[in-house]
Amino acid sequence: MTSVLVDEIASSVVDATDNLLRTTGFCPPPSVHILAEDTDQPYVGFISCRPYYRGADAAAAITGLGLLPSVLAATRLVVTWEDHDLRTALQVPGDTFPTAIVTLEADQNNHTLLWHAFDAQPGPLSEAGVPTVQPHWQQSVRYANPPLLEPIAALLDLWRQARRDDVEQTASGLQQAGYTIRWANPTT
């Protein structure tokens, strides 16, 4: 069941990104989908990254995505980001980076990265007058336990250090810092 759910999340992220690029020209922020496989409803919800500045602030913001899943004692995460945007924000050395939506499935010991590459062609102006993007998707590629960007690895490390903090206080603090949290079950 979990692998089906993870595949659905990955497919939804790619579809949402495609729609967002075509209508606004933007990619969604890095996010973490939280799963608790030991419950009746394993999908807990997701947290999206707060706004950040390039460099150290971007790294700290990405790492901070691991706090809520740690407090929730999540058993599996699906981390998503657009690789070009993230590498640019982290000021990774290099002239050009590929465009790809990345979905990273992680459990307490391993991770699998699914690389959804796309070519970005200029599209028409949006209703707000912003240039849009027409993505042309390539075949997705799966990698088992590849090396990760440092903030992504730090996010996973933070999550794997289970915390016994108060969930409501943690979620409130993250939201006050600018993170967006959406619960699958609003009573959680």
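Going by the structure above, here's the rest.
A brief look at the structure comes next. (Residues numbered from 1 in each chain as written. Predicted model: local features only at pLDDT ≥ 70, side-chain atom pairs only at ≥ 80, totals over all residues. Heavy atoms only, no water.)

1. Focus: the overall build of the protein chain
Here comes step 1: Summing up its helical and strand segments, the protein chain has 6 helices and 8 strands in all.
Here comes step 2: Listed N to C, the secondary structure of the protein chain is α-β-β-α-α-β-α-β-β-β-β-α-α-β in terms of helices and strands.
Here comes step 3: Computed over C-alpha atoms, the radius of gyration of the protein chain comes to 16 Å, within 12% of the 16 Å expected from 2.2 N^0.38 for 188 residues, which places it in the range of a compact globule.
Here comes step 4: Within the protein chain, the proportion of its 188 residues that are buried is 43%. (Helix = DSSP H or I, 4+ residues; strand = E, 2+ residues; numbered from the N terminus. Rg over C-alpha atoms; globule rule 2.2 N^0.38 Å. Buried < 20%, exposed > 50% of the residue type's maximum accessible area, 1.4 Å probe, protein only.)

2. Thoughts on helix H2 (residues 56-64)
Here comes step 1: Of all the positions in H2, only Ala 58, Ala 61, Ile 62 and Gly 64 are classed as buried. End-on view of H2: buried residues confined to an arc of 160°, all on one side of the axis.
Here comes step 2: Lining the buried residues of H2 we find helix H3 (67-71), helix H4 (83-89), helix H5 (150-160) and helix H6 (167-176). (Arc of directions from axis to C-beta. Contact = heavy atoms within 4.5 Å.)

3. A closer look at the pairing of strand E1 (residues 31-35)
Here comes step 1: Among the 5 residues in E1, 5 count as buried, and that is most of the element.
Here comes step 2: The alternating pattern of E1 places Ser 31, His 33 and Leu 35 and Val 32 and Ile 34 on opposite faces, both of which are buried.
Here comes step 3: Two elements, E1 and strand E2 (residues 43-48), share 5 bridges in a ladder whose sense is antiparallel. Counted as the bridge partner of His 33 is Phe 46 from E2. (Pairing = 2+ DSSP bridges.)

4. Considering the side chain of Asp 18
Here comes step 1: Following the sequence through the fold, Asp 18 ends up in helix H1 (residues 2-24).
Here comes step 2: On the basis of relative accessible area, Asp 18 is assigned to the buried category, the value being 18%.

5. As for the pattern of salt bridges
Here comes step 1: The tally for this structure, following the rule as stated, stands at 5 salt bridges.
Here comes step 2: The partner of Asp 18 in a salt bridge is Arg 22, with the nearest N and O atoms 2.8 Å apart. Of this pair, Asp 18 and Arg 22 both sit in helix H1, 4 residues apart, roughly one helical turn.
Here comes step 3: Taking relative accessible area as the criterion, Arg 22 reaches 34% and is therefore assigned partly exposed.
Here comes step 4: Of the charged contacts in the structure, one is a salt bridge between Asp 57 and Arg 50, with a shortest N-O distance of 2.8 Å.
Here comes step 5: Each of Glu 37, Arg 76 and Glu 105 takes part in salt bridges that share partners, so that together they form one network. (Salt bridge = Lys/Arg side-chain N within 4 Å of Asp/Glu carboxyl O.)

6. What to know about H1
Here comes step 1: Here H1 spans 32 Å end to end across 23 residues, near enough to the 33 Å set by a 1.5 Å rise per residue.
Here comes step 2: Buried residues of H1: Thr 2, Leu 5, Val 6, Ile 9, Ala 10, Val 13, Val 14, Thr 17, Asp 18 and Leu 21, and no others.
Here comes step 3: Two residues or fewer past H1, Gly 25 is found with a positive phi of approximately 85°. (Expected span 1.5 Å × (residues − 1).)

7. Quick word on the nonpolar core
Here comes step 1: Counting residues in hydrophobic clusters, the biggest one holds 34 residues, and the most contacted among them are Ile 47, Leu 77 and Val 79.
Here comes step 2: Not counting the four nearest positions on each side in its chain, Ile 47 is found in contact with Pro 30, Ser 31, Val 32, Ile 34, Leu 65, Leu 68, Leu 174, Tyr 179, Thr 180 and Ile 181.
Here comes step 3: Within the second largest apolar cluster, 12 residues are counted, among which are Leu 5, Val 13, Ile 101 and Val 133. (Core = buried A, V, L, I, M, F, W, Y, C linked by side-chain atoms within 4.5 Å.)

8. Some remarks on the pairing of strand E4 (residues 100-106)
Successive residues of a regular strand alternate their side chains across the two faces of the sheet.
Here comes step 1: Counting buried residues in E4 gives 7 out of 7 residues, a clear majority hidden from the surface.
Here comes step 2: What you see with E4 is no split at all: Ala 100, Val 102, Leu 104 and Ala 106 on one side and Ile 101, Thr 103 and Glu 105 on the other are buried throughout.
Here comes step 3: Relative to E4, strand E3 (residues 76-82) runs antiparallel, the two sharing 6 bridges. For Thr 80, the partnering residue across the bridge sits in E4 and is Thr 103.
Here comes step 4: Sheet analysis places E4 next to strand E5 (residues 111-125), joined by 7 bridges and oriented antiparallel.

These figures come from the coordinates and say nothing about function on their own.
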